[in-house]
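Tertiary structure, described
Residues per chain, in single letters:
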Amino acid sequence: MGDVITKAMVMSAGMGSRLEPLTLQVPKPLVPVCNRPVMDILFESLSKIGINKVVCNTYYLADQIIDRYQNNDLGVEFNYITEETLSGTAGGLKKCQFFFEKGEDFVVLSADGLTNADIKKGIEVHKQSGAIATIGVKRIAKNEVSHFGVVVTDENGFITEFQEKPSVEDAKSDCINTGIYIFNYKIFDYIPENTFYDFAKNVFPKLLLEKQINTFVIEDYWSDIGTLEQYKISTQDVFMGNCKFEHAKIVSTSTGSCITNSEIPEDTEFVGNSTIGKNCKIGKNVTVANSIIWDNVTIKDNVKISDCIIASNEVVDSDLTNKVVGCNKLITV
């Protein structure tokens, strides 16, 4: 096949249990970052580099994902399968084999990824190496490696070893697997049909023996919204200018900033950085500090909200600090 990659698979089947209660009624790919579903941001970034045909494996709350993207204006042709049972990261890709052609290279991404990674650079590295798989890796602070899958490479960037969440003392590298993959169609030879199969546990060990996994280093922003804490951090990263994508204008006051798609009363006080979705009703004398508020939320008069995440369609009539409100559930974080 030619040098141009136009197709991607986006892994979209996960239940997002670490984001509960937010994901009890909303699938993780539709969780908003600065009022935009994270998958919107992902599709838009793929379209900008010429990847305009996407297939997704759906499972949990699949109808919401399908309804949103069947007719979208994000520059991608949306295709999907719906899994009856989860089949693992590699198993989900195997079910999408029909979407790709023999000899073709393609990109595989996770739907909860938030990144400004130079995927075109990764494609170039992949093409030049002739590897079956190329993984985007990110250098992080050594004291954080125990939270990630660590990769060890040779002088040519090919992976020689994986370490799954090693201790700081045992870690042989400060590079982690970001879950951004570029594969050749040959990858399907390593994944059996109708079997629960995982990249890290089942596929990569075989490719490692054959020295068929290359890497490209991601210098730009990379994160995910896999946990409530990381979701908060990723949102703050947008305000800090670390992560860049199109969103509503940042409105700044003397005490804080807000990205909002709703009309906000003049006496609303912002502290730190917050986001407020569309069709929200904000009462008089409300204070919002470092919080994420989704669509159609009502906040009553004189309420103070600090370090909270509030899902759509909720009503807040009392002060909240360090709380997550979603699906009529309230948890402390």
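Rules of the game
- Residues numbered from 1 in each chain as written.
- Predicted model: local features only at pLDDT ≥ 70, side-chain atom pairs only at ≥ 80, totals over all residues.
- Heavy atoms only, no water.
- Axes fitted to C-alpha atoms, helices over the stretch in contact; angles between N-to-C directions.
- Helix = DSSP H or I, 4+ residues; strand = E, 2+ residues; numbered from the N terminus.
- Parallel < 35°, antiparallel > 145°, perpendicular 65-115°, else oblique.
- Left-handed = near helix turned anticlockwise from the far one by under 90°.
- Contact = heavy atoms within 4.5 Å.
- Nonpolar A, V, L, I, M, F, W, Y, C, P; charged D, E, K, R; others polar.
- Buried < 20%, exposed > 50% of the residue type's maximum accessible area, 1.4 Å probe, protein only.
- Pairing = 2+ DSSP bridges.
- Salt bridge = Lys/Arg side-chain N within 4 Å of Asp/Glu carboxyl O.
- Patch = residues over 30% accessible without salt bridge, like charges linked within 9 Å, V, L, I, M, F, W, Y side chains within 5 Å.
- Areas by Shrake-Rupley, 256 points an atom, 1.4 Å probe, with all protein chains shown as cover.
- Lys, Arg positive; Asp, Glu negative; His and termini not counted.
- Charge placed at Lys NZ, Arg CZ, Asp CG, Glu CD.
- Polar contact = N/O pair within 3.5 Å; in protein donor to acceptor, adjacent residues only side chain to side chain.
- Right-handed = clockwise from strand over helix to strand, strands pointing away.
- Core = buried A, V, L, I, M, F, W, Y, C linked by side-chain atoms within 4.5 Å.

Okay, the packing of helix H1 (residues 38-48) against helix H2 (residues 62-69) next. At their nearest, the axes of H1 and H2 sit 12 Å apart, and the two run at 45 degrees to each other. Our classification of the angle between H1 and H2 gives oblique. Handedness of the crossing formed by H1 with H2: right-handed. Taking contact as the criterion, the partners of Met-39, Asp-40 and Phe-43 in H1 are, on H2, Ile-65, Arg-68 and Tyr-69. Split by residue class, the contact of H1 with H2 holds four nonpolar, no polar and two charged.

Tracing the backbone shows Met-39 in helix H1. A relative accessible area of 0% means that Met-39 is categorised as buried. Separated by 121 residues in sequence, Met-39 and Thr-160 place their C-alpha atoms 32 Å apart. Not counting residues within four places of it along the chain, the set of residues in contact with Met-39 comprises Val-10, Ser-12, Pro-29, Cys-56, Ile-65, Tyr-69 and Ala-111.

Take the sheet that holds strand S17 (residues 281-282) next. One open sheet accounts for three strands, arranged S17-S20-S23; its pairing is parallel. What marks the edges here is a single partner per strand, and that holds for S17 and strand S23 (315-316). Summarising the sheet, strand S20 (residues 298-299) and S23 pair through two bridges and their orientation is parallel. Residue pairing for S23: Ile-299 is matched across the bridge by Val-316.

Turning next to the pattern of salt bridges. Counted by the stated rule, this structure contains nine salt bridges. Note that Asp-105 and Lys-127 form a salt bridge whose closest N and O atoms lie 2.8 Å from each other. Within this pair, whereas Asp-105 is found in strand S6 (residues 105-110), its partner Lys-127 is found in helix H4 (residues 119-129), the two being separated by 22 residues in sequence. Since its relative accessible area comes to 24%, Lys-127 is described here as partly exposed. Between Lys-172 and Glu-161 there is a salt bridge; the shortest N-O distance is 3.0 Å. Of the two residues, Lys-172 is situated in the loop between strand S10 (159-164) and strand S11 (175-184) and Glu-161 in strand S10; the sequence distance between them amounts to 11 residues.

Right, let's get into a negative patch on the surface. On the surface, a cluster of negative charge is made up of Asp-118, Glu-124, Glu-219 and Asp-220. Structurally, Glu-124 is set in helix H4.

What follows is about the side chain of Thr-115. You can see Thr-115 is positioned in strand S7 (residues 113-115). Among the residues examined, Thr-115 registers a relative accessible area of 19% and is labelled buried. At 2.9 Å, the side chain of Thr-115 and the backbone nitrogen of Ala-117 are in polar contact. At 2.6 Å, the side chain of Thr-115 forms a polar contact with the backbone oxygen of Tyr-221. With residues near it in sequence (within four places) discarded, Thr-115 still touches Ile-180, Tyr-221 and Trp-222.

Our focus in this paragraph is the pairing of strand S5 (residues 77-82). Pairing geometry for strand S4 (residues 53-58) and S5, over six bridges, is parallel. Within the sheet, the bridge partner assigned to Val-54 lies in S5 and is Phe-78. Viewed along the sheet, the connection from S4 through H2 into S5 turns out right-handed.

What follows concerns the nonpolar core. Most often, soluble globular proteins keep nonpolar side chains buried together rather than apart. In this structure, Val-10, Val-33, Phe-43, Val-107, Tyr-231 and Trp-294 are the most contacted members of the largest nonpolar core, which totals 55 residues. Where this core is concerned, the elements lending two or more residues are strand S1 (7-12), H1, S4, H2, S6, H4, S11 and helix H6 (228-239). Counting residues in hydrophobic clusters, the runner-up holds 31 residues, among them Met-11, Ala-90, Ala-133 and Val-203.

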